[in-house]
Each structure stands twice: as structure tokens, then as C-alpha cells.
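Single-letter residue listing:
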Amino acid sequence: MARRRQIYEGKAKILYEGPEPGTLIQYFKDDATAFNAQKKGTINGKGVLNNRISEHVFTLLGNIGVPTHFIRRLNMREQLIRQVEIVPIEVVVRNVAAGSISKRLGIEEGQQLPRTIIEYYYKDDALGDPMVSDEHILCFGWAGQDELHEMADMAIRVNDFLSGMFAAINIRLVDFKLEFGRIWDNDFSRIILADEISPDGCRLWDMTTNEKLDKDRFRRDLGGEVEAYQEVARRLGLLPEGADSAVLDLETHRKKREK
Ligand code: TMP
């Protein structure tokens, strides 16, 4: 069988040519990076979990009318997606202070923000994905005014929906990152949600214990990464019954580390 053509390899995913024009296959790796790939590692089984979690979230978002690149999951690590022209902007939505905003502005982690904040980062590894404003985005033509509005509107809809979805399973959606892409129809383009939504690009805290259930476990060397991702999948109802025993209780994990 001929090897399929690889279109792009990123830090956590690979894109292959899809079966029809305008489609791609998105493959989820176990590779994890942090701090602009200065820290590298693997989280065994992460790709499988993120594929499943992202499928679930994109399907639900599609059901409430948010256009996404997701078509269907193909297997454990792959999904069929629409090919898009990626907008070179990472859209970060914050409900609670954590990570870079806490560091930059000296706001204590865990403090509820008086209002939801949207931030933009220019996707450029060599520059370390610098934060930019809408002025920069318009000035350098990374997105147009209408596109910027569409992305911000969708980000707020996604935030409202996901905040509720996670609250229902006792998880606080602290912040998350979205990416968008353009699809072209002759001379017209429209913006759809692309990339993935998974614990790699979200901060998810248990509402009762504040236990981190996301990639901060890797970034901050807390251990228990797979267990955390599994716990998110389990609460979303994505792991088969009986898989609970495979989930190492994070509290037990923490106590073992402290000994
Ligand atoms: P930050 O606090 O490091 O700016 O991250 C905010 C959110 O965005 C957090 O949930 C992690 C996510 N994120 C990514 O998915 N990719 C990135 O490259 C960065 C910097 C953040």
C-alpha cells in the first residue's frame, strides 16, 4: 500500500492528505511540549485520549451551531477533518487567572476574573508566540476585521458552552486556547473552528479540590498526566464502564509523591 502523504507535522499532531480533496487526516501523537518546546516528553496514551475528547467536544459544538473542521473520528488516533487555511493567531480565553497572565500581571493563580478576557498570540515558534493586539492582527493582515469579530464571537460561545459542560462534571474551565481556519468558496471565505480542544490546550481544575486535570501536570512536573486526562475523559462519559479501576486516583498519586 502506498504511504499516504504527510502534509504537516506539529508538536502534538500530524496532518496527512485526506481521502477526498478538501479533507485531511489529523493524527494525535503522545508527544508533549511546553514553553515553546524547550521542555519535551511523551505522555503514553495522550493521543488516544485527546482524539476522543476533541471528537466529543467538537461534535457537541457542531450541534449548537459552531462550525468546526471536524468530520468524523476514523480510529483511536485519527480523525477526518476539513482542510483549512489556518489563521496564524492563537485565541486564548480566560475565566480565572493562571499561567502567563498571573506571571505577567502578578495576579494570584485561581482568582476569578471580573470578566472573561480574550487574548491573541501570533503563531510563530521562532518568536515564541508573542501576545499581540487586534491592532497588530489588522495591521499585518493576519486576519480581517470581520474575521476577528467572528473569532471573538465564537470564542465566547465556545467558552459559555464549555464552562457549563465542564461545570456539570465538577470541573472549572480556567482558560483555553482555540485556533481557527478559513475555508474558501470561490472568492469568499469563512472562519471555522480548527485544531483540537483537549486537556493539552485547556486548564481544567477539579471544582472541589482544585486538582489540575490538564497539561500543567506536565509543564510543572506534577506527574499523573495520563491519569488526569483519563479522568476528564471518564467524567465526560467517554471511557467504557469498568475503566474506572484503571484511573489512578489523583489524590492518592499526590500523597504518594509527598511521601
Ligand atoms: P498561558 O497561561 O500559558 O498563556 O496559557 C493559556 C491557555 O492556553 C492554557 O490553557 C494553555 C493554552 N496554551 C496552548 O494551548 N498553547 C500554547 O502554546 C500556550 C502558550 C497556551
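Cut-offs applied
The residue numbers shown here count from 1 along each chain, following its written sequence. Note on the predicted model: pLDDT of at least 70 is required for a residue's local features to be given, and 80 or more for side-chain atom pairs to be given and counted; whole-chain, interface and lining totals, by contrast, use all residues. The side-chain numbers reported here are obtained from all heavy atoms of the structure, hydrogens and water having been left aside. Only DSSP runs of H or I covering at least 4 residues are called helices, and only runs of E covering at least 2 are called strands; the numbering of each starts at the N terminus. Think of it in three bands: with a 1.4 Å probe and only protein chains considered, a residue is buried below 20% of the maximum accessible area for its type, exposed above 50%, and partly exposed in between. By definition, residues are in contact when any of their heavy atoms lie within 4.5 Å. In short, Shrake-Rupley with a 1.4 Å probe defines the accessible areas, and a residue's cover is counted only from the protein chains shown. Only four residue types enter the tally: Lys and Arg on the positive side, Asp and Glu on the negative side; His and the chain ends are excluded. Taken as the charge centre is NZ of Lys, CZ of Arg, CG of Asp or CD of Glu, depending on the residue. The term salt bridge refers to a pairing of a side-chain nitrogen on Lys or Arg with a carboxyl oxygen on Asp or Glu at a separation within 4 Å. By the convention used here, strands pair only if DSSP detects at least 2 bridges between them. Throughout this document, a residue counts as near a molecule or strand when at least one of its heavy atoms sits within 4 Å of that molecule or strand. By the criterion applied in these results, polar contacts are pairs of N or O atoms within 3.5 Å in which, for protein atoms, one can donate a hydrogen and the other can accept it, and in which residues neighboring in sequence qualify only through two side-chain atoms.

Glancing now at the overall build of the protein chain. Looking only at helices and strands, one finds seven helices and 13 strands in the protein chain. Taken along the three principal axes of its C-alpha coordinates, the protein chain extends 60 × 50 × 35 Å. Evaluated residue by residue, the protein chain yields a buried proportion of 49% over its 259 residues. For the protein chain, the share of sequence-separated contacts (at least 6 apart) that also reach a separation of at least 24 residues comes to 57%. Total accessible area on the protein chain stands at roughly 13,200 Å², and carbon and sulfur atoms take up 50% of it. Here the protein chain contributes 37 positively and 42 negatively charged side chains, and the mean placements of these two sets differ by 5 Å.

Per the stated rule, a full pass over the model turns up 29 salt bridges. Its salt-bridge partner being E55, residue R73 comes within 2.7 Å of it at the nearest N-O pair. Pair noted here: R73 is in strand β6 (residues 70-73) and E55 is in helix α1 (residues 46-63), with a separation of 18 residues, a long-range link. A salt bridge links R104 to E119; the shortest N-O distance between them is 3.2 Å. Here R104 is found in helix α2 (residues 99-105), whereas its partner E119 is found in strand β9 (residues 112-122), with 15 residues between them in sequence. Each of R94, R104, E109, E119, D175, R203, D216, R219 and R220 takes part in a single network of salt bridges with overlapping partners.

Now for helix α6 (residues 225-235). The element α6 is largely enclosed, with a buried count of eight among its 11 residues. When α6 is considered as a whole, its buried residues turn out to be E225, E227, A228, Y229, Q230, E231, V232 and A233. Within two residues after α6, G237 carries a phi angle of roughly 80°, on the positive side.

Our focus in this paragraph is the pairing of strand β8 (residues 85-96). Summarising burial for β8: nine of the 12 residues are buried, a large majority. Of the strand pairs in this sheet, β8 and strand β11 (residues 171-185) are connected by seven bridges, and their pairing is antiparallel. Residue pairing for β11: R94 is matched across the bridge by D175. Pairing of β8 with β9 involves seven bridges; the strand directions are antiparallel. If you follow V96 over to β9, its bridge partner there is Q112.

Contacts to the ligand come from 15 residues, most closely from R94, S100, D175, K177 and R203. For the ligand, an oxygen atom lies 2.8 Å from a polar atom in the side chain of R94. Interatomic distance of 2.9 Å between a side-chain N/O atom of R203 and an oxygen atom of the ligand. About the coverage of the ligand: the protein hides 78% of its 450 Å² of free accessible area. Elements with a contribution of two residues or more to the shell around the ligand: β8, α2, β11 and β13 (202-206).

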